[in-house]
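For reference, the chains in residue letters:
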Protein chains: 2
Amino acid sequence: MSRRRGEFALISDLFAPLAAGTPASLGLADDAALLPGRTGFETAMTVDAMVAGVHFLPDDPADDIARKLIRVNVSDLAAMGARPVAYLMMVAIPPTIDDAWLESFVAGLAADQKRFGIHLVGGDTVATSGPLVLSVTAVGEVAEGRALRRGGASPGDDIWVSGTIGDGALGLRVLTGDLEGLRPADHDFLVNRYRLPQPRTDLGPELVGQASACIDVSDGLIADLGHICDVSGVAATIEAEAVPLSPAARQAIASDPGLAALPLRGGDDYELLFAAPTGRADGIRRLSEVVGTPLTRIGRIRSGAGVTVVDAHGRAIPDQGAGFTHF
Amino acid sequence: MSRRRGEFALISDLFAPLAAGTPASLGLADDAALLPGRTGFETAMTVDAMVAGVHFLPDDPADDIARKLIRVNVSDLAAMGARPVAYLMMVAIPPTIDDAWLESFVAGLAADQKRFGIHLVGGDTVATSGPLVLSVTAVGEVAEGRALRRGGASPGDDIWVSGTIGDGALGLRVLTGDLEGLRPADHDFLVNRYRLPQPRTDLGPELVGQASACIDVSDGLIADLGHICDVSGVAATIEAEAVPLSPAARQAIASDPGLAALPLRGGDDYELLFAAPTGRADGIRRLSEVVGTPLTRIGRIRSGAGVTVVDAHGRAIPDQGAGFTHF
């Protein structure tokens, strides 16, 4: 009669297989997961939640939602230089969600578990009368005292960013109907970047010992650079022209110049933004080739406070606005 | 104008003070928490969520809701024999929640952090149009290979339970208006047991090396004993008369004999239910005195499958029903 499994069947049928690959999960058949400790290493832990209608669109594909949920979390581990190990998940499910949706959701989790080398080790499934709420606690490992922090940037450091910036925010505009007339390939590229960010889990651990400060871009480039500046007690200048844009993003902005500032403040990029002493620039360029991830120098850390964006002539561009907040 | 702080102010004003007592939190100012690893120890991790209208009543006091959220989670750590260390929290907040509610909620967290010796080390705050969803990931520590599991019970083992059983379920009946006419003291006792369970965090770690299997009673005594039986591959017999009831619960049942079966299947007890070889009974009684927690022998593990409840004459009582599920 019911279109949905009960809680115990949901766990045994759908979630337990996600936990089968690691002894730490105890098969989801105990009161807690048990992860071995290692002297000389730290366990990195982060929690990121997503709500239907806020962090994803209710009709986004369920497997993409699952993968985005994993990705925004392992992105935080990457920003700390930590290697992802495991995750716990909380799902608050409304009555409108059926078995088919959950099966697709679990298929997405399975795909990304494999991709990032992690397993589900614990969780809770609850009912809600409101929108779907998904929360993951991601667990990683990093050598003791070596984690990348937000607070280590010094005046003179270069500012670098991975990949391209702004695609996620533009992809959301495409999905909400606020950005039309793109070529199909550009349309699909931007939507895919919004739905399936590419967390830099290979790059993050390699930046240990190279970057002086690091964060992942989720609130927006300017806002997240502002977080580094606040904690490090420094200022930053970004060269707007240097910020790497995808060909699709360039096309979108060419068709609507009003979108030009969106990449800097849009959010949802999940690229790594980091500072590094200028003497390490060659090493970072080599690292870019080794890891296969584009890394672009976009500015410089200075003494002072706040983030300034300058044009090609070094003139400050006012009113670039603050980061995006869902709240 | 707004009755509520923005996300960043919420974190800096309300949540960051909860993280101030431990270096692991990095002041909630980084992408992840960092907990030191120790060879020879395991990190126990569990997640438990609560939804308004499902796991608590919307007009329950905010500080009690916070404390229950902490308690149901550290109860899972206790059931593994793990010592609580830290927690991460996800809150999905509807527009109806105001600053005063959040301040009371945080006061409850602060009180229970102190009580259980833990700190907030990470979190995420999101908006929802639906009911309040709260999720905690609790982190504990236990010596490697020594955690209490569900799977170690053997035929002949005694079955023990801490504290008293059924108060939480009866307290919920009081709050929903389904149990009336109690003396004020009994009324208040049962309501308090529902709102503020007493997780056995002192007892759990002491049961390491004593108990052969352990679980906390959240789904209901019979259902949770069933989990031990399933995983251990054994059967269990409970003597109904031996199950420890509080004076208030006895009064409630005396006034309405239809409630007699509720303690066995009610749930929300957060007492520890464990098996132990009969030879350890004297040691467990001494432990009860040392820890200051009543421990009562309520039955015996047998070969076979399933849970049987017997009366004072050893006759099986049929239809004790399954555990409570919110789902």
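For the structure itself, consult the block above.
Basis of the calculations
Residues numbered from 1 in each chain as written. Chains lettered and ligands numbered in written order. Predicted model: local features only at pLDDT ≥ 70, side-chain atom pairs only at ≥ 80, totals over all residues. Heavy atoms only, no water. Helix = DSSP H or I, 4+ residues; strand = E, 2+ residues; numbered from the N terminus. Expected span 1.5 Å × (residues − 1). Buried < 20%, exposed > 50% of the residue type's maximum accessible area, 1.4 Å probe, protein only. Contact = heavy atoms within 4.5 Å. Buried area = accessible area lost by both parts, 1.4 Å probe. Salt bridge = Lys/Arg side-chain N within 4 Å of Asp/Glu carboxyl O. Polar contact = N/O pair within 3.5 Å; in protein donor to acceptor, adjacent residues only side chain to side chain. Nonpolar A, V, L, I, M, F, W, Y, C, P; charged D, E, K, R; others polar.

Visitor: I'm lost on unusual backbone geometry in this one. Help?
Guide: In this structure, A:Leu26 takes a positive phi of about 50° despite not being glycine. Backbone geometry at B:Leu28 places phi at a positive 60°, although glycine is not the residue there.

Visitor: I keep staring at helix 3 (residues 99-116) of chain B and nothing clicks. Help me out?
Guide: An α-helical segment advances 3.6 residues per turn. Residues three or four places apart therefore align on the same side. All names here are of chain B. End to end, helix 3 covers 26 Å across 18 residues, agreeing with the expected 26 Å (1.5 Å per residue, within 8%). Every buried residue belonging to helix 3 is among Asp 99, Trp 101, Leu 102, Phe 105, Val 106, Gly 108, Leu 109, Asp 112, Gln 113 and Phe 116, and all of these are buried. Residues of helix 3 that are buried make contact with helix 1 (7-15), helix 2 (62-79), strand 3 (83-93), strand 4 (119-127) and strand 5 (133-143). Gly 117 sits one or two positions beyond helix 3 and adopts a positive phi of about 65°.

Visitor: How do you make sense of the interface of chain B and chain A when you look at a structure like this?
Guide: Where interface size is quoted, it is often the accessible area lost as the parts come together. Contacts between chain B and chain A engage 66 residues on the former and 67 residues on the latter. For the pairing of chain B and chain A, the buried interface totals around 4900 Å² over both sides, and the portion due to carbon and sulfur atoms is 61%. Measuring nitrogen to oxygen at the nearest pair gives 3.0 Å for the salt bridge that ties B:Asp31 to A:Arg150. Counting the contacts that link chain B with chain A gives 18 residue pairs in polar contact (both at pLDDT 80 or more). Residues that form the side of chain B that touches chain A fall into these classes: 35 nonpolar, 17 polar and 14 charged.

Visitor: What is the right way to read the environment of A:Gly40 from this model?
Guide: Within the secondary structure, A:Gly40 is located in the loop between strand 1 (33-36) and strand 2 (41-51). A sequence separation of 216 residues divides A:Gly40 from A:Asp256, and the C-alpha atoms of the two residues are 52 Å apart. Aside from chain neighbours lying at most four places away, what touches A:Gly40 is A:Ala143, A:Glu144 and B:Gly37.

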